[in-house]
Amino acid sequence: MSQVNEPIRVRYAPSPTGALHLGGARTALFNYLFARQKGGQFLLRIEDTDRARLKPGSQEQIEEGLQWLRMTWDETPLIQSERQPIYQQAADDLLESGAAYRCFCTPERLAQMRAEQRARHEPERYDRRCRAIPREESDRRAAAGERYVVRQAMPTQGTTTLQDLVMGTVTFRNDTLDDHVLLKSDGFPTYHLAFAVDDHAMRISHVIRGDGWLPSAPKHLLLFQAFNWLPPAFAHVPLVLGPDKKPLAKRHGAKDVLEYREAGYLPEAVDNFIAFLGWSPGTDQDLFTMEQLIAAFDLTKIQASPAVANLERLDWLNGQFIRRLSPDELAARIAPKMPTVPVQTLAPLMPLVQERLRTLNDAPEMLRFFFEEPDGYRPEQLIPKGRDAATTATALTTAATTLGSLTDWAHGVAGRRHRPNGDATADRVDQQARKGHGPGATRTRRAQARRAGLEASRRERPVAPADPGHDVRARDRAELPRVGAGGGIVTRKDDRAAVVDRGDALDDFQLGSIGAARDHHVADSQARARVDRSGNHQRAGW
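Heads up: these notes are all about the structure in this document.

Reading the values: the criteria
Residues numbered from 1 in each chain as written. Predicted model: local features only at pLDDT ≥ 70, side-chain atom pairs only at ≥ 80, totals over all residues. Heavy atoms only, no water. Helix = DSSP H or I, 4+ residues; strand = E, 2+ residues; numbered from the N terminus. Buried < 20%, exposed > 50% of the residue type's maximum accessible area, 1.4 Å probe, protein only. Core = buried A, V, L, I, M, F, W, Y, C linked by side-chain atoms within 4.5 Å. Contact = heavy atoms within 4.5 Å. Phe/Tyr/Trp six-rings, centres within 6.5 Å; stacked < 30°, edge-to-face > 60°. Polar contact = N/O pair within 3.5 Å; in protein donor to acceptor, adjacent residues only side chain to side chain.

1. Remarks on the overall build of the protein chain
Moving on, step 1. Tallying secondary structure elements over the protein chain gives 22 helices and 15 strands in all.
Moving on, step 2. The proportion of buried residues among the 542 residues of the protein chain is 44%.

Below you can see the structure in the form of structure tokens.
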């Protein structure tokens, strides 16, 4: 095992057969946290010796994913496919020492052997037929060009024991171990040979990897023994499972690391999520910076049982980290999602959306109306029930004209009727109204008198319900915007209705709350119904 006083050197060694997934990212993170906490080095190795499964661009995706998660390696990545002569020499050394042998069995013979083992319900492993070939015959057949692989000669008796930093003491019976292939017929090494050669060459002190490799651990220990090398310490971390207790995959909703980036997740949230898959700091703290994770990480606190991933927790974590950002930081994170909008333009808008964002991808739709004209509306979206297109068009045009002429949107200003002579004139009219004279006062007195008269009429005697066409409660249930009396617009906020007239109703609207305006309109409707029944066809003004 690795000596305690040796420098800590760990590696993440992915095979470039696909993008970086959450399970691989967690293995890399555990290696990274351990190295940084111990003041050691984190290395990257690309194990691309399986040429049949190699996917172009996979290495670049893996490296980009690690960098996005803020994991940086300390040396130039080691590429195994560039070291083929080194592995060939290592295999020759094992042949020379008798720790390995050449196998000349054809694929057809191996397939028949396995079929017979399955028929007998026996474990499928090599029957060691070529192990008995004398070395001289093996050399002659190889020199003649006969194809072969190199297999490790495993002991057939005794046991091999692993002291694992996560799983504890694990003992294997040697007679259950297969004489596995070390060097393939194409001259490329298998994982087993390249793993041992490169970990020794890179001076790796600790191998932290998924527990799917635990059954191979005795082979690797025996391989280090065959080379007479000191093996590293091993820590096999548990699998990551989905809610169905099967290995986490896309069927559970999991994404590759870079897909999470494109979906609007923060690297801080993903780091926190994967760090807690099988590990706990032993505290109640939920959110950690990378520096805090490094300080808290402890290999002995990794659990031996599989971790079950709850992807809903990732959504929660992402929202929490979004709300931790300053407006300028959040704007910089959102900017790539809105490339036509400068960061400095986005920053003042962040307080409007920050508390509601689940991912960064939610922001463009929330902020779109600040920067884009509406694409258009379908008629059924605009015409309220009981209204026609012409009346709706008139109402919307009036609203657009009124709102478009406003220059001051301060509290209380937008609610006033806009005067064409500007704010100075509007303020003067308001001052006159408060003093009891001027056109503003006239309108105010008229509205107050009308309201007082309607209240008195309502107290005289009960009246029949108003025409449903004028019932504000019925209108509240209808779709809005709605055209009000006199061509005004009915709008709703917090389930309350307000009528905005083209003319004096805007001034009347300032006189009381939304509720007062609604009561006013109900009373007015009732008064009109009462006047109609009495034969007086003069309509009350609204």
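2. Brief notes about the nonpolar core
Moving on, step 1. Counting 73 residues, the largest nonpolar core has Leu 22, Leu 66, Tyr 260, Val 270, Phe 273, Ile 334 and Leu 346 as the members making the most contacts within it.
Moving on, step 2. For this core, the element with the highest residue contribution is helix α1 (residues 22-37), accounting for nine residues.
Moving on, step 3. The residues touching Phe 273, leaving out its near neighbours within four places in the chain, are Leu 22, Ala 309, Asn 310, Leu 311, Arg 313, Leu 314 and Leu 317.

3. Points about the packing of aromatic side chains
Moving on, step 1. Applying the stated criterion across every chain, the model contains 15 aromatic pairs.
Moving on, step 2. Seen in terms of ring centroids, Tyr 191 and Trp 213 are 4.0 Å apart; in terms of plane orientation they differ by 20°. Their pairing is stacked. Of this pair, Tyr 191 sits in helix α6 (residues 191-201) while Trp 213 is found in the loop between β9 (206-210) and α7 (217-227), placing the two residues 22 residues apart along the sequence.
Moving on, step 3. In this structure Trp 213 comes out as partly exposed when scored by relative accessible area, which is 34%.
Moving on, step 4. Look at Phe 276 and Phe 288: their rings are 5.8 Å apart centre to centre, the planes differ by 50°, and that puts the pair in the tilted class. Linking Phe 276 in the loop between α9 (267-275) and α10 (290-296) with Phe 288 in the loop between α9 and α10, this pair joins segments that are twelve residues apart in sequence.
Moving on, step 5. When its relative accessible area of 4% is taken as the criterion, Phe 288 is described as buried.
Moving on, step 6. The rings of Tyr 191, Phe 195, Trp 213, Phe 224, Phe 227, Trp 229 and Phe 234 are connected pair by pair, giving a single aromatic cluster.

4. Section: the side chain of Ser 205
Moving on, step 1. You can see Ser 205 is positioned in the loop between α6 and β9.
Moving on, step 2. Polar contacts involving the side chain of Ser 205 include one to the side chain of His 206, which spans 2.9 Å.

5. Comments concerning the environment of Cys 105
Moving on, step 1. Structurally, Cys 105 can be placed in the loop between β4 (100-103) and α4 (107-119).
Moving on, step 2. C-alpha separation for the pair Cys 105 and Arg 147, spaced 42 residues apart in sequence, amounts to 8.7 Å.
Moving on, step 3. Those residues within four positions of Cys 105 in sequence are excluded, and the remaining contacts are Leu 110, Tyr 126 and Cys 130.

6. Regarding the environment of Asp 256
Moving on, step 1. Within the element layout of this structure, Asp 256 appears in the loop between β11 (240-241) and α8 (257-262).
Moving on, step 2. Taking C-alpha positions, Asp 256 is 9.2 Å from Gly 18, a pair spaced 238 residues apart along the chain.
Moving on, step 3. Discounting residues that sit within four places of it in the chain, Asp 256 has contacts with Ala 19, Leu 20, His 21 and Lys 250.

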